Amino acid sequence: MEKTLVICKPDAVERGLVGEIIGRFEHKGLAILASDLRLLDSEVLGHHYSEHTEKPFFGDLVAFMSRSPAMLLVVGGPEGTVGVVRTLMGATDPTQAAPGTIRGDFGLAVTENLVHGSDAVESALREIGMFFPELGAGV
Ligand code: IDP
Ligand code: MG
């Protein structure tokens, strides 16, 4: 099974969209393998978004992602699941995201874009290991 890390970001939790977002993955046929509602701190976010630490939006991104709890999910399915989840999420900028995608249907701001999904199998393994270390190799 191919697995990916999804984060329903604080805006999604605050707006009551977690059920809708999880439903999109379930209706597609993907499985929810683990979940945890958790307040993320700037230290873990620095690791998670290490590729973006030098970007001008990094401070705003960490402030947003740590302002209230996020719903973390491990989502699994057949080979290609990492890409399928990214397709269901839509483009990073919700004003550019296609209708029918999570970001296209519910977002208007590039920082507050509702969901994170791992961008490759290797990053999924790294992110799942970081956020759900207790799962070990089992998930
Ligand atoms: P992704 O979430 O679609 O993989 P990334 O480029 O990895 O997009 O950016 C990580 C997150 O940083 C985005 O989901 C978004 O919340 C935020 N972000 C990306 N680009 C910008 C920007 O230009 N301005 C503000 N926030 C941004
Ligand atoms: Mg990314």
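What comes next is a walk through the structure. (Residues numbered from 1 in each chain as written. Chains lettered and ligands numbered in written order. Predicted model: local features only at pLDDT ≥ 70, side-chain atom pairs only at ≥ 80, totals over all residues. Heavy atoms only, no water.)

Looking at the pairing of strand 3 (residues 70–77)
Then, number 1: Among the eight residues that make up strand 3, eight are buried, leaving the element largely enclosed by the rest of the structure.
Then, number 2: Residues of strand 3 alternate between two faces, with Ala70, Leu72, Val74 and Gly76 on one and Met71, Leu73, Val75 and Gly77 on the opposite face, all of them buried.
Then, number 3: Looking at chain direction, strand 1 (residues 2–8) and strand 3 are connected through seven bridges and run antiparallel. By the bridge assignment, valine 6 is partnered in strand 3 with leucine 73.
Then, number 4: Examined bridge by bridge, strand 2 (residues 31–38) and strand 3 share seven bridges and lie antiparallel to one another. (Buried < 20%, exposed > 50% of the residue type's maximum accessible area, 1.4 Å probe, protein only. Helix = DSSP H or I, 4+ residues; strand = E, 2+ residues; numbered from the N terminus. Pairing = 2+ DSSP bridges.)

Digging into the pattern of salt bridges
Then, number 1: Under the definition given, this model contains five salt bridges.
Then, number 2: A salt bridge links glutamate 112 to arginine 67; the shortest N-O distance between them is 2.9 Å. In this pair, glutamate 112 sits in the loop between helix 6 (102–106) and strand 4 (115–117) while arginine 67 sits in the loop between helix 4 (58–65) and strand 3, placing the two residues 45 residues apart along the sequence.
Then, number 3: Given the relative accessible area of 40%, arginine 67 is considered partly exposed. (Salt bridge = Lys/Arg side-chain N within 4 Å of Asp/Glu carboxyl O.)

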